[in-house]
Amino acid sequence: MSKFAIKWAQVISDNKGKVLAYLNSILKCPYLAEDALQDTFIRLCGMSSTQNAEISNTTSFCFQVARNIAIDMLRKQNREGLVALEATHVDHMSDKDSNIEIKVELAQLDKRMDSTIQKLSTRHQNIFSFYRSGRFKQKEIAKLYKISPTLVNFMLKEAINSCQKELVRH
């Protein structure tokens, strides 16, 4: 392993939980976040020694590369979704798939919830995202953020209350 690969492995190791939380807040999927983290490492290790020498804050650069990869992944998903939609034949749709009004209402609800969550602090967003994914328990999230499980519970309740208020408003 090159000295730069070792350096980037250490940066990612030191910040793994926070980078995964950040990626999960963008991608809304812990599995995609893990894929993006792996891609981040590969991209960082593939940089030349000249590029590596120009980086003054490795942690910040790591987060920026991870963010760019996550955005690229979202763009790819959107393109693939459009292709899949164009390839769908109306003959193969069942009646339960044809209730477009329910789908539109659910999509609007998702947008309102995402908008409400985006108004919360980054830490609230990440904690809510980790918990919502079902992959982490409150105690595990508390350990990751080095806070008490009670505070995690409180922050989750704040996020849920914000979403409930948004529902009542519309």
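Residues numbered from 1 in each chain as written. Predicted model: local features only at pLDDT ≥ 70, side-chain atom pairs only at ≥ 80, totals over all residues. Heavy atoms only, no water.

With an unreviewed UniProt entry as reference, the protein is termed DNA-directed RNA polymerase subunit sigma-70, source organism Pseudoalteromonas piscicida. What the UniProt record of the protein gives under Sequence similarities (unreviewed entry) is the line "Belongs to the sigma-70 factor family. ECF subfamily." (UniProt positions renumbered as here; feature names shortened; annotations may be inferred.)

(A) Seen up close, helix α5 (residues 100-118). Helix length check: α5 (19 residues) gives 27 Å between terminal C-alpha atoms against 27 Å at 1.5 Å per residue, within 8%. Within the span of α5, buried status applies to Met113, Thr116 and Ile117. One side of α5 carries all its buried residues, which in axial view fall inside an arc of 95°. Structural note: α5 exposes Ile100, Glu101 and Lys111 on the side pointing more than 90 degrees away from its buried face. (Helix = DSSP H or I, 4+ residues; strand = E, 2+ residues; numbered from the N terminus. Expected span 1.5 Å × (residues − 1). Buried < 20%, exposed > 50% of the residue type's maximum accessible area, 1.4 Å probe, protein only. Arc of directions from axis to C-beta.)

(B) A look at helix α8 (residues 149-169). Helix length check: α8, at 21 residues, gives a terminal C-alpha distance of 30 Å against a target of 30 Å (1.5 Å per residue), a fit within 8%. Where α8 is buried, its residues touch α5, α6 (122-133) and α7 (138-145). (Contact = heavy atoms within 4.5 Å.)

(C) Representation of the packing of α7 against α8 within the structure. The N-to-C vectors of α7 and α8 enclose an angle of 110°; their axes lie 8 Å apart at closest approach. For the element pair α7 / α8, the angle class is roughly perpendicular. Where α7 abuts α8, its residues Gln138, Lys139, Ile141 and Ala142 lie against Pro149, Val152, Asn153 and Leu156. Per-class residue counts for the contact of α7 with α8 are five nonpolar, two polar and one charged. (Axes fitted to C-alpha atoms, helices over the stretch in contact; angles between N-to-C directions. Parallel < 35°, antiparallel > 145°, perpendicular 65-115°, else oblique. Nonpolar A, V, L, I, M, F, W, Y, C, P; charged D, E, K, R; others polar.)

(D) Spotlight on the nonpolar core. Within the largest apolar cluster, 20 residues are counted, with the highest numbers of intra-cluster contacts made by Trp8, Leu23, Ala36, Leu37, Leu44 and Cys62. Secondary-structure elements contributing two or more residues to this core are α1 (3-27), α2 (30-45) and α4 (58-87). Among the elements that take part in this core, α1 stands out by supplying eight residues, more than any other. Beyond its immediate stretch of four places on either side in the chain, leucine 44 contacts Trp8, Ile12, Phe61, Cys62 and Val65. Ranked by size, the runner-up nonpolar core spans 16 residues in total, among them Leu120, Phe128, Ile147 and Val152. (Core = buried A, V, L, I, M, F, W, Y, C linked by side-chain atoms within 4.5 Å.)

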